[in-house]
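Structural overview for review
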Amino acid sequence: GPEQGRPVAQLPPGVPACDVSITHSRELAMAVVTSHGRVGLDLERIVPRGAAFQDEVFTRDERMWLEARARHWRRSSDELWNLGWCLKEALVKCTGQGLRAALQQVTFSGWREAEVEDLRLAPLTGGTDALVRSIQLDLPGRREQAVSGVLVAGQGYALAVLHDTREDWRRV
């Protein structure tokens, strides 16, 4: 696409514009589309993530937040580091910054969450141990909470889907 590699939907004349985000990991691929705002999506296979990765990708506050979430949810640290990576990648896609931005410059300061019981994303949520949370992301310097999304960990994968509904997202 014209915006730093962002995918563009080629629609017939008269069809309202939409925003698209795509991702894949191994044998799974996903896409999300919206006609209002922007979206970002990332899917990753859960793999061990060492200290060098954590230092490169996350700020100290983000690492502390993710470690606290791992304890609270009783999940492995590998699941949370991968969910954190997915969240960062979905965020750079959603904000239009792309991976040209240093990931420590694209920050979050936590989120408010709710458990989601009726979301089905086969095969990710097929197991009894799947984690599915709806979130409202806290972004430094943002008074309004317009970035919301879903975090999922299940069947060996991590997924983050974010939606920015601010009217002025084009000026970010």
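What comes next concerns the included structure. (Residues numbered from 1 in each chain as written. Predicted model: local features only at pLDDT ≥ 70, side-chain atom pairs only at ≥ 80, totals over all residues. Heavy atoms only, no water.)

1. As for the pairing of strand β5 (residues 131-137)
Burial runs high along β5: 5 of the 7 residues are buried. By the bridge criterion, 5 bridges tie strand β4 (residues 111-115) to β5 in an arrangement that is antiparallel. For Glu 115, the partnering residue across the bridge sits in β5 and is Arg 133. Judged from the 6 bridges that link them, β5 and strand β6 (residues 147-154) form a sheet pairing that is antiparallel. (Buried < 20%, exposed > 50% of the residue type's maximum accessible area, 1.4 Å probe, protein only. Helix = DSSP H or I, 4+ residues; strand = E, 2+ residues; numbered from the N terminus. Pairing = 2+ DSSP bridges.)

2. A closer look at the packing of helix α2 (residues 60-73) against helix α3 (residues 77-95)
Packing of α2 against α3 leaves a shortest axis separation of 9 Å and a crossing angle of 130°. In terms of orientation, α2 and α3 fall into the oblique class. Along this stretch, α2 crosses α3, giving a crossing that reads as right-handed. Here Glu 62, Arg 63, Leu 66, Glu 67, Arg 69, Ala 70 and Trp 73 of α2 come into contact with α3, specifically with Leu 80, Trp 81, Leu 83, Gly 84 and Lys 88. Class assignment for the residues of the contact of α2 with α3 results in 6 nonpolar, 1 polar and 5 charged. (Axes fitted to C-alpha atoms, helices over the stretch in contact; angles between N-to-C directions. Parallel < 35°, antiparallel > 145°, perpendicular 65-115°, else oblique. Left-handed = near helix turned anticlockwise from the far one by under 90°. Contact = heavy atoms within 4.5 Å. Nonpolar A, V, L, I, M, F, W, Y, C, P; charged D, E, K, R; others polar.)

3. Structural notes on the sheet that holds β4
Strand order across the open sheet formed by 5 strands is β3-β7-β6-β5-β4, with antiparallel pairing between neighbours. At either margin of the open sheet sits one strand with a lone partner, and together these are β3 (38-45) and β4. The average angle at which neighbouring strand axes cross in this sheet is 20°, direction not considered. The sheet contacts of α2 involve β4, β5 and β6, and relative to β4 the element is tilted by about 20°.

4. Quick notes on the pattern of salt bridges
Pairs may arise between side chains of opposite charge once their charged atoms sit close together. Applying the stated criterion to the full structure yields 7 salt bridges. Here Arg 75 and Glu 79 are joined by a salt bridge, their closest N and O atoms 3.0 Å apart. Glu 79 carries the same exposure label as Arg 75, and that label is buried. Here Arg 133 ties to Glu 113 by a salt bridge, and the two come within 3.2 Å at their closest N and O atoms. Placement of the pair is Arg 133 in strand β5 and Glu 113 in strand β4, with a sequence separation of 20 residues. A network of salt bridges, in which partner residues are shared, links Arg 69, Glu 113 and Arg 133. (Salt bridge = Lys/Arg side-chain N within 4 Å of Asp/Glu carboxyl O.)

Interpretation in functional terms is not warranted from these geometric data alone.
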